[in-house]
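# An overview of the molecular structure
Residues per chain are reported as follows:
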Amino acid sequence: MNYFSSDFKLGILGGGQLGKMLLYETRKYDIYTCVMDPAEDAPCRIACNEFLTGDLMDFDAVYEFGKKVDVLTFEIENVNVAALDKLEKEGVKVYPSPATLKTIQNKAKQKLFYVDHEIPTAPFTRFAYTSEIGTALKNESIHFPFVWKSAQFGYDGRGVKVIRTHSDLEGLPNVECITEEMIPFKNELAVIVARNSKGEVATYPVVEMEFHPTANQVEYVICPARIDAAVAEKARHIALRVSEAYRHVGLLAVEMFQTQNDNILVNEVAPRPHNSGHYSIEASYTNQFEQHLRAILGLPLGNTGSKVGGIMVNLTGEEGYTGKVNYQNIEDIMKMDGVTPHIYGKKETRPFRKMGHVTIVNKDIAKAREIAEKVKNTIKVVS
């Protein structure tokens, strides 16, 4: 099929920053794109050929949108899977597949999938409702501390909470959920696996993630991870096993824990371009967004190697500021060598909202990490 400067249409469900960065690549290749998002002013609006407003969880909206395109992909997991199922049965190519998405959308199903496929993961307990956790604690079938995770609709630190005492359970929604044993880990790692529709597979280098202590959001992504080569190889091998089990097409970001004794446990996955791969825009031979495009269109996968060491700093709204966004001191970071800001196009800031990211590239990863700290302390997302 001819994808370039042709009648071919690529549909993207979700119009946020991931879609916007994917559109940089469709523009490069002159691929016609249609995007649907519930927000009138979604970041993607400025860069696609056709933009529709619609509810991604609404069966009819997703189904009608999907009928207009040749290949359908998504940049967010919260979409109507029943509509994707029907579209796939009717011949629309949906990548990653609705079956993959259905498992990943629900954290309880996702964890059971790892158990069934003998993929190492933290021990967990599944609950139909949060209110059942009190009984489990009384019966001593689970113990403090543990991590509570909503089974559905949790991302970017939402729907996740560390529970140390009974009072931490107060105010949690009474929904299907899981509790996970707290893993005393050394590092949080991630590997992005690309797999095209012909079965060709490639992995990006293992990255290390440093988290904000209270917001449960990634602050820094460091590539390559500052870990032993044997641990990196183990992480890569497990990520490939996960990819093989899902038989996904597109990108699969596999988030993992490196335990104190250097075992690797899979935390969760995302079937799309991911925060842990943003560094690749400046640092890799083929960035993750171009790779996703190559994978879902069945094109040859690109080189996943890094040209240079890369660190990504998330730009999130400062606490105490809500309103029209102002990127304070952005000129100061633009004076620094190897520093590239990416602004997502969200007009309103609020505490911890992802508003952009900054990439720092340097041959010396320790030097890049120093600059990243300076960037983090200089630029402020305020209103």
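These notes cover the structure that comes with them. (Residues numbered from 1 in each chain as written. Predicted model: local features only at pLDDT ≥ 70, side-chain atom pairs only at ≥ 80, totals over all residues. Heavy atoms only, no water.)

## With respect to helix α2 (residues 59–67)
Of the positions making up α2, those classed as buried are Val-62, Tyr-63, Phe-65 and Gly-66. For α2, the arc enclosing every buried residue in end-on projection is 165 degrees, short of the 170-degree limit, so these residues lie on one face. Looking at the buried side of α2, the elements it contacts are β1 (9–13), β2 (32–37), β3 (50–53), β4 (71–74) and α3 (81–89). (Buried < 20%, exposed > 50% of the residue type's maximum accessible area, 1.4 Å probe, protein only. Helix = DSSP H or I, 4+ residues; strand = E, 2+ residues; numbered from the N terminus. Arc of directions from axis to C-beta. Contact = heavy atoms within 4.5 Å.)

## Some points on the sheet that holds strand β6 (residues 124–127)
Reading across from one edge, β6-β9-β7-β8 is the order of the four strands in this open sheet, with antiparallel pairing throughout. Because the sheet does not close on itself, it has two edges, and the strands there are β6 and β8 (160–163). Put simply, the sheet's adjacent strands are angled 20 degrees from each other on average, direction ignored. In this sheet, strand β9 (residues 177–181) lies alongside strand β7 (residues 146–150) in antiparallel orientation, the contact comprising five bridges. Its bridge partner being in β9, Phe-146 is matched across the sheet by Glu-181. Where helix α5 (residues 107–116) meets the sheet, its contacts fall on β6, β7 and β9, and the angle it forms with β6 comes to roughly 140 degrees. (Pairing = 2+ DSSP bridges. Axes fitted to C-alpha atoms, helices over the stretch in contact; angles between N-to-C directions.)

## Looking at the sheet that holds β4
With parallel pairing, five strands are arranged side by side in an open sheet as β3-β2-β1-β4-β5. Single-partner strands in this sheet number two, and they are β3 and β5 (93–94). Where β1 and β2 come together, five bridges link them in parallel fashion. Bridge pairing in β2 places Ile-12 opposite Val-35.

## Observations concerning helix α4 (residues 98–105)
Two residues of an α-helix separated by three or four positions point the same way, owing to the 3.6 residues in each turn. In terms of burial, α4 is largely enclosed, as six of its eight residues are buried. Buried within α4 are the following residues: Pro-98, Thr-100, Leu-101, Thr-103, Ile-104 and Gln-105.

## A short note on the packing of α4 against α5
Contact geometry of α4 with α5 gives a least axis separation of 5 Å together with a crossing angle of 105 degrees. In terms of their interaxial angle, α4 and α5 are classed as roughly perpendicular. Contact residues: α4 offers Lys-102, Thr-103, Ile-104 and Gln-105, while α5 offers Lys-107, Lys-109, Gln-110 and Phe-113. (Parallel < 35°, antiparallel > 145°, perpendicular 65-115°, else oblique.)

## Considerations on the pairing of strand β13 (residues 218–223)
When you tally the buried positions in β13, you get six out of six residues, the bulk of the element. Sheet topology note: the strand β12 (residues 207–211)/β13 ladder contains four bridges and is antiparallel. Its bridge partner being in β13, Phe-211 is matched across the sheet by Val-218. In this sheet, strand β16 (residues 309–316) lies alongside β13 in antiparallel orientation, the contact comprising four bridges. Following the sheet pairing, Val-221 is matched in β16 by Met-312.

## So, unusual backbone geometry
For residues besides glycine, phi is generally negative; the peptide bonds are generally trans as well. Cis geometry marks the peptide bond from Tyr-95 to Pro-96, where omega comes out at -10 degrees. In this fold, Pro-96 is placed in the loop between β5 and α4. In this structure, the amide linkage connecting Cys-223 to the following residue, Pro-224, adopts the cis form with an omega of 5 degrees. Mapped onto the fold, Pro-224 is located in the loop between β13 and α7 (229–246). Unusually for a residue other than glycine, Asp-30 sits at a positive phi of about 50 degrees. Mapped onto the secondary structure, Asp-30 falls in the loop between α1 (17–29) and β2.

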